[in-house]
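Fold and geometry: a report
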Amino acid sequence: MTPTPQEPNALVVEGLSHSFGGVRVLRRISFAVRQGEMVALIGPSGAGKSTLLRLLAGLIPADLGTVSVLGEDVQREGRLAPRSGAVRARTGLIFQKPNLVGRLDLFTNVALGGVQALAPWRSLTGTWPRGLRAAVLDALARTGLADKAGRRASLLSGGEQQRGALARLLVQRARLVLADEPVAALDPVAAHRVMETLTALNRQDGLTVVVSLHQISQARRHCPRVIALSDGQIAYDGPTEGLDMGRLAQIYGPDIEAAVIA
Amino acid sequence: MPAAAAPLRTAGRRALDLLVWGGLALVLIVGFRGAEIWRVGDLASGARNMATLGAEFVRPDFSDLGLYLGQMVLTLEMALWGSVLALILAVPLGLAGARNLAPAWLQQPARRLLDVLRSVPDLVAGALFVAAIGLGPLAGVLALALNTGGVLGKLFAEAVEAVDPGPVEGLRATGAAPLLVALWAVIPQVAPLWVSYFLYRFESNARSATVLSLIGAGGIGQPLFDAINAFAFDKASAIVIVILAAVTGVDLASQWIRARLI
């Protein structure tokens, strides 16, 4: 599904700046992502991709600028906007390192996506209602993990854990996915399956996806739109086809040609 | 950015090292007098006393074995309840005292409270409780509970501060409330360590409870103290053997539990 200009915005970023210890990491970043888009965030290490995603998720307050997700403020000029659990649940986060709870089984991990919406006695005792259990099984099937439900998360492979995190995000009913290099630590086959699963959630469920990637080939294969960060600023924002060698050289430096071909 | 190569150890660093080691040596020399280390030779000159003592000890008198066993069981019961009450105290305080979980207004007071609990030796607390609620095992149990609660709370909080932040952030991002994040993402991670700490403290309480009965808190220490005061070293020997066997038994049991849980 290609988003039309009429789609409302899932994410609006205006004048976002951030620094760590006096070093500017992001400089007046502005962009908008429409609902249902799948956007790759690329750029060299240290360009500010992870910081940007953490700011979008509302994990840390920005120095300046605003971020709003589905019409609700996340960042308001240097402060985090207070958000209820239900509003936070609309944004799903995926990191490079899978963040499932290793000692719990996969089913429980995925069910925890819905824990914020349960009555206290249920959420404290782990008594999942029938509707949630059905949603968990459905999400596991969608991510190709139906036969792994009873496994301890720590015993799953990295790719399976990442897909488990995607299943949790389905149960959570997230509308926007922020993924920070979700496949950087995976072998090519596992990485491909995770990206395919992410793409399926984007196409079939209309989830808006912003995913930072190291591999330009993955951005080309899965994401119609690319935002490139370089030195804390947006160096390119447009269709992925527009990313020719000249542009890549501006973003990554002249060695990129050899690196991409290798 | 290029940084000038810094020397590994500056003159200031070396002066500081000298100060620290010199200060440590000075403290040891001063303490030598206070702790009467110069009297260590008396061990040899008192050899005859030691020999008499030793001779009595190799002929233990088990005629009151029934009493000893009853008192030993009572001592272990005190240790068990002291440890369990400490656990009830330590779990909330350990979570509240963890920097990565609790806000500063809660974390700092929780840590200070744990410091206070820990700084009162159980013998002192026991004497106070004996004065407050009279002679008997409960005074010993409460004394153990307070001191052990302080120790366990601190260890628990430090274990929480060392958890992998990934799963915690992951669950927080689903919109789950802080209590649910603690329950589902933190406790599963720290559970093996907490159990291990608890078992160590239970072992150590089994020994402490013996000493506590000297101040009238009931248990095996009382007959031991009486026997020593009456120069009945054969009886004292029997009691010491009972204590050794019981403490060894507790150690073995908790080792077995620990091995199975982790």
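Model, not experiment: these values are computed from the prediction. (Residues numbered from 1 in each chain as written. Chains lettered and ligands numbered in written order. Predicted model: local features only at pLDDT ≥ 70, side-chain atom pairs only at ≥ 80, totals over all residues. Heavy atoms only, no water.)

Quick look at the overall build of chain A
Secondary structure summary: chain A contains ten helices and eleven strands in total. Its C-alpha atoms give chain A a radius of gyration of 18 Å, within 12% of the compact-globule value 18 Å for 262 residues. Expressed as lengths along the three principal axes of its C-alpha atoms, the size of chain A is roughly 55 × 40 × 40 Å. A total of 262 residues make up chain A; the buried ones form 53% of that total. For chain A, contacts bridging at least 24 residues in sequence account for 65% of all contacts bridging at least 6. Accessible area of chain A: about 11500 Å², with a carbon and sulfur share of 50%. Of note, chain A has its 30 positive side-chain charges centred 9 Å away from the centre of its 22 negative side-chain charges. (Helix = DSSP H or I, 4+ residues; strand = E, 2+ residues; numbered from the N terminus. Rg over C-alpha atoms; globule rule 2.2 N^0.38 Å. Buried < 20%, exposed > 50% of the residue type's maximum accessible area, 1.4 Å probe, protein only. Contact = heavy atoms within 4.5 Å. Areas by Shrake-Rupley, 256 points an atom, 1.4 Å probe, with all protein chains shown as cover. Lys, Arg positive; Asp, Glu negative; His and termini not counted. Charge placed at Lys NZ, Arg CZ, Asp CG, Glu CD.)

With respect to the packing of helix α4 (residues 65-96) of chain B against helix α11 (residues 233-261) of chain B
All names here are of chain B. The contact between α4 and α11 brings their axes to 10 Å, and the two run at 40 degrees. If you check the angle between α4 and α11, you find them oblique. Of the two possible hands of crossing, α4 and α11 adopt the one that is right-handed. Contacts between α4 and α11 involve L65, Y68, L69, M72 and L76 from the former and K235, A238, I239, V242, I243, A246 and V250 from the latter. (Axes fitted to C-alpha atoms, helices over the stretch in contact; angles between N-to-C directions. Parallel < 35°, antiparallel > 145°, perpendicular 65-115°, else oblique. Left-handed = near helix turned anticlockwise from the far one by under 90°.)

Some points on the domain arrangement of chain B
Domain annotation of chain B identifies domain 1 (10-40) and domain 2 (56-261). On a C-alpha basis, the centres of domain 1 of chain B and domain 2 of chain B stand 34 Å from each other. (Domains from an automatic or database assignment.)

Things to note about the environment of A185(B)
Following the sequence through the fold, A185(B) ends up in helix α9 (residues 178-212). Between the alpha carbons of A185(B) and P165(B) there is a distance of 9.1 Å; along the sequence they are 20 residues apart. If we ignore the near neighbours within four places in the chain, the residues touching A185(B) are V101(A), P167(B), V168(B), L171(B) and L180(B).

Focus on the interface of chain B and chain A
If you look at the interface, chain B gives 19 residues, while chain A gives 26 residues. Of the roughly 1800 Å² buried between chain B and chain A on both sides combined, carbon and sulfur atoms contribute 64%. It is E169(B), T174(B) and W184(B) in chain B that bury the most area against chain A; as a group they hold 33% of the surface buried on that side. For the pair chain B and chain A, the number of links is two salt bridges. Between E169(B) and R54(A) there is a salt bridge whose closest N-O contact spans 3.3 Å. Where chain B touches chain A, the interface holds six residue pairs in polar contact (both at pLDDT 80 or more). Breaking the side of chain B that touches chain A down by element, the ones donating at least two residues are α8 (165-172) and α9 of chain B. In terms of residue count, α9(B) provides more of the side of chain B that touches chain A than any other element does, eight residues in total. Split by residue class, the side of chain B that touches chain A holds eleven nonpolar, five polar and three charged. (Buried area = accessible area lost by both parts, 1.4 Å probe. Salt bridge = Lys/Arg side-chain N within 4 Å of Asp/Glu carboxyl O. Polar contact = N/O pair within 3.5 Å; in protein donor to acceptor, adjacent residues only side chain to side chain. Nonpolar A, V, L, I, M, F, W, Y, C, P; charged D, E, K, R; others polar.)

So, helix α1 (residues 49-57) of chain A
Within α1(A), seven of the nine residues are buried, which leaves it mostly tucked inside the rest of the structure. Just downstream of α1(A), G58(A) is the residue with a positive phi angle, here 75 degrees.

Examining the packing of helix α5 (residues 130-142) of chain A against helix α6 (residues 158-171) of chain A
All names here are of chain A. Packing of α5 against α6 leaves a shortest axis separation of 9 Å and a crossing angle of 140 degrees. One finds that α5 runs oblique with respect to α6. Two packed elements cross with a definite hand, and for α5 against α6 that hand is right-handed. Counted together, L132, A135, V136, A139, L140 and R142 of α5 and A167, L170 and V171 of α6 form the full contact between these two elements. Here the contact of α5 with α6 is built from residues that sort into eight nonpolar, no polar and one charged.

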